[in-house]
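Structure at a glance
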Protein chains: 2
Amino acid sequence: MKLYDGGKAPNPRRVNLFLAEKGVQVERIPVDMGRLEHKGEELTKLNPLQTLPVLELDDGSALTETIAICRYIEETHPENPLMGSTAKEKALIEMWQRRVELQLFYAVAHAFRHLHPAMKTWEVPQVADWGEANKDKALKACEFLNTELADREFIAGDSFSIADITLLVALDFCRLAKIKVPENLSNLNRLHQALKERPASIACAL
Amino acid sequence: MKLYDGGKAPNPRRVNLFLAEKGVQVERIPVDMGRLEHKGEELTKLNPLQTLPVLELDDGSALTETIAICRYIEETHPENPLMGSTAKEKALIEMWQRRVELQLFYAVAHAFRHLHPAMKTWEVPQVADWGEANKDKALKACEFLNTELADREFIAGDSFSIADITLLVALDFCRLAKIKVPENLSNLNRLHQALKERPASIACAL
């Protein structure tokens, strides 16, 4: 399989972190999103939505959507599970992945895309009021996650999971979106620091 | 297990359709969202995010997030799989579930929540320009899905899957959001009609 890789952009970085944590090697085709290479002819044929990353399987079929790509890697490389082993673990990790993604990751992404001048041609129309509303949503999500983290090490429980990957990428993304995670959210900041220090995170650092 | 059920609202309906398609019976506790019962004390303890549905497991733990609840049902009732059997099927169905959800379902939801007067106290702040932008996003998503459906029966391939459940609920939701799916999108309209006629859909009709 071949990964069309957008490098440090949030969704490509989630897949790269997942691969590094699993210790899975794949062939990579670097794609420069800054030069809009993901909108080129070859990639548009693989993914009409023109998003990255794209995983091309050996039979030529194209897999897109970050979490679906991670699912394929998890299913074909079950060692060191990051999406749970039992039915209950799988469901709880999926719940937390989605809570972090829907409440925090997308809020940060909307704040960035609707307010940053560099996103003017990427997000049409930019709606500044919606960007500002999402700064508030992101801060509320941080408070919720901080409260949940009072009695456990990782966001989905006592083990590292794909939900922590989404959390790390979302929290790192806050800087670009000009969102400051309050210092008094000590449980969340503690986990953010611990996630940044993992070997896989250092290998995929911004 | 016990399902705290919001009935015909889009996310509760997705879980109800999934259960009906699988033929799985669960104990249901009806929750009247119109009376804001999902924001009551008992449910807030189970789900601090105050969303429905919530599946309470026999050990007392609470599972939220539509797709995570479906994952738990799928893993504990593997007959008649709606989320795929092989690694590739699981990944492609997850890809399509997410494409339909992110491109269409959420666009329709944002159009409804940001433009409908009844949502004024549910979506704070309502941003009308964002609601309007999402009407366009929903129509673009319909065009994309219509093109993809030219050569296959269901959205993720030749078999019915959870991605079709999200598609049915999103398309039905268009009426409330005052979005008219163009009549010339014949592949999409053909599938919408076929999905509405399934026995499970008739049992969970709006």
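Read on for a plain summary of the structure.

Some words on the overall build of chain A
Looking only at helices and strands, one finds eight helices and four strands in chain A. Along the chain direction, N to C, the helices and strands of chain A fall in the order β-α-β-α-β-β-α-α-α-α-α-α. For a compact globule of 206 residues, the expected C-alpha radius of gyration is about 17 Å, and chain A comes in at 17 Å, within 12% of that figure. Viewed in the frame of its principal axes, chain A has a C-alpha envelope of about 45 × 45 × 30 Å. Within chain A, buried positions represent 54% of all 206 residues. Contacts in chain A between residues at least 24 apart in sequence constitute 64% of all its contacts with a sequence separation of at least 6. Summed over its atoms, the accessible surface of chain A is roughly 9200 Å², and 51% of this surface lies on carbon and sulfur atoms. Across chain A, 26 positive and 30 negative side-chain charges occur, with their mean positions spaced 4 Å apart.

A look at the pattern of salt bridges
Per the counting criterion, the structure on display carries 32 salt bridges over all chains. Note that Arg71(A) is salt-bridged to Glu94(A), the shortest N-O span being 3.3 Å. Placement of Arg71(A) in helix H3 (residues 66-76) and of Glu94(A) in helix H4 (residues 87-115) is noted, with a sequence separation of 23 residues between them. Residues joined by salt bridges that share partners form a network here, namely Arg71(A), Glu94(A), Arg71(B) and Glu94(B).

Let's talk about the interface of chain A and chain B
With 43 residues of chain A at the interface, the matching set in chain B holds 43 residues. Counting each side, the surface lost to burial between chain A and chain B is near 3500 Å², with a carbon and sulfur contribution of 63%. At the junction of chain A and chain B, the tally comes to ten salt bridges. With a closest N to O distance of 3.1 Å, Glu123(A) and Lys137(B) form a salt bridge. Applying the counting rule to chain A against chain B returns 16 residue pairs in polar contact (both at pLDDT 80 or more). For the side of chain A that touches chain B, the elements supplying multiple residues, two or more each, are strand S4 (62-64), H3, H4 and helix H5 (128-148) of chain A. Element by element, the count of residues in the side of chain A that touches chain B is highest for H4(A), at 16 residues. Taken together, the residues of the side of chain A that touches chain B break down into 20 nonpolar, eight polar and 15 charged.

A short note on the relation of the copies chain A and chain B
In the superposition of chain A on chain B (RMSD 0.0 Å, axial shift 0.0 Å), the rotation amounts to 180°. The superposition of one copy onto the other is thereby described by a two-fold rotation axis. No C-alpha of chain A lies nearer the rotation axis than that of Trp130(A), which sits 3.3 Å from it. Here 100% of the contact residues of chain A are again contact residues in chain B; the copies associate through an equivalent surface.

Regarding the sheet that holds strand S4 (residues 62-64) of chain B
Residue and element names in this part refer to chain B. Across the sheet, which stays open at both edges, the four strands sit in the order S2-S1-S3-S4 with mixed pairing between neighbours. Because the sheet does not close on itself, it has two edges, and the strands there are strand S2 (27-30) and S4. Adjacent strand axes in the sheet meet at a mean angle of 25° when their direction is disregarded. Strand direction decides the pairing type here: strand S3 (residues 54-56) and S4, joined by three bridges, are antiparallel. Within the sheet, the bridge partner assigned to valine 54 lies in S4 and is threonine 64. Helix H1 (residues 10-22) contacts strand S1 (2-5) and S2 of the sheet and is inclined by roughly 140° relative to S1.

So, the sheet that holds strand S1 (residues 2-5) of chain A
Residue and element names in this part refer to chain A. Spatial ordering of the open sheet is given by S2-S1-S3-S4, a layout of four strands whose pairing is mixed. At either end of the open sheet lies a strand with only one pairing partner, and these are strand S2 (27-30) and S4. Going from strand to strand, the sheet's axes swing by 25° on average, the running direction of each strand aside. Looking at chain direction, S1 and strand S3 (residues 54-56) are connected through three bridges and run antiparallel.

Remarks on helix H6 (residues 162-173) of chain B
An α-helix turns once per 3.6 residues; consequently, residues spaced three or four apart project the same way. All names here are of chain B. In this model H6 runs 17 Å from its N-terminal to its C-terminal C-alpha over twelve residues, within 8% of the 16 Å that 1.5 Å per residue would give. Here H6 lies mainly inside the structure; twelve of its twelve residues are buried. Taken as a whole, H6 has its buried residues at Ile162, Ala163, Asp164, Ile165, Thr166, Leu167, Leu168, Val169, Ala170, Leu171, Asp172 and Phe173. Its buried side turned inward, H6 meets H1, helix H3 (66-76), helix H4 (87-115), helix H5 (128-148), helix H7 (186-196) and helix H8 (199-203).

Some words on the environment of His110(B)
Mapping His110(B) onto the fold places it in helix H4. When near neighbours in sequence (up to four residues on either side) are disregarded, His110(B) contacts Trp130(A), Trp130(B), Gly131(B) and Asn134(B).

Section: the nonpolar core
One finds Leu104(A), Leu167(A), Leu104(B) and Leu167(B) to be the most contacted residues of the largest nonpolar core, which totals 121 residues. Not counting residues up to four positions away in its chain, the partners in contact with Leu167(B) are Val100(B), Leu104(B), Leu145(B), Ile155(B), Leu188(B), Leu191(B) and Leu195(B).

Topic: the side chain of Arg98(B)
Considering the arrangement of structural elements, one finds Arg98(B) in helix H4. Polar side-chain contacts of Arg98(B) include one of 2.7 Å to the side chain of Glu101(A). The residues touching Arg98(B), leaving out its near neighbours within four places in the chain, are Arg14(A), Glu65(A), Ile67(A), Gln97(A), Arg98(A), Glu101(A), Tyr106(A) and Gln103(B).

Some remarks on the packing of H4(A) against helix H6 (residues 162-173) of chain A
All names here are of chain A. Contact geometry for H4 and H6: axes closest at 9 Å, N-to-C directions at 15°. Between H4 and H6, the interaxial angle falls into the category roughly parallel. The handedness of the crossing between H4 and H6 comes out as left-handed. Each of Ile93, Trp96, Gln97, Val100, Glu101, Leu104, Phe105, Val108, Ala109 and Phe112 in H4 lies in contact with H6, whose residues at this interface are Ile162, Ala163, Thr166, Leu167, Val169, Ala170, Leu171 and Phe173. By residue class, the composition of the contact of H4 with H6 is 15 nonpolar, two polar and one charged.

Basis of the calculations
Residues numbered from 1 in each chain as written. Chains lettered and ligands numbered in written order. Predicted model: local features only at pLDDT ≥ 70, side-chain atom pairs only at ≥ 80, totals over all residues. Heavy atoms only, no water. Helix = DSSP H or I, 4+ residues; strand = E, 2+ residues; numbered from the N terminus. Rg over C-alpha atoms; globule rule 2.2 N^0.38 Å. Buried < 20%, exposed > 50% of the residue type's maximum accessible area, 1.4 Å probe, protein only. Contact = heavy atoms within 4.5 Å. Areas by Shrake-Rupley, 256 points an atom, 1.4 Å probe, with all protein chains shown as cover. Lys, Arg positive; Asp, Glu negative; His and termini not counted. Charge placed at Lys NZ, Arg CZ, Asp CG, Glu CD. Salt bridge = Lys/Arg side-chain N within 4 Å of Asp/Glu carboxyl O. Buried area = accessible area lost by both parts, 1.4 Å probe. Polar contact = N/O pair within 3.5 Å; in protein donor to acceptor, adjacent residues only side chain to side chain. Nonpolar A, V, L, I, M, F, W, Y, C, P; charged D, E, K, R; others polar. Least-squares fit on C-alpha atoms with pLDDT ≥ 70 in both. Pairing = 2+ DSSP bridges. Axes fitted to C-alpha atoms, helices over the stretch in contact; angles between N-to-C directions. Expected span 1.5 Å × (residues − 1). Core = buried A, V, L, I, M, F, W, Y, C linked by side-chain atoms within 4.5 Å. Parallel < 35°, antiparallel > 145°, perpendicular 65-115°, else oblique. Left-handed = near helix turned anticlockwise from the far one by under 90°.

Fair warning: the whole summary comes from geometry, so function is off the table for now.
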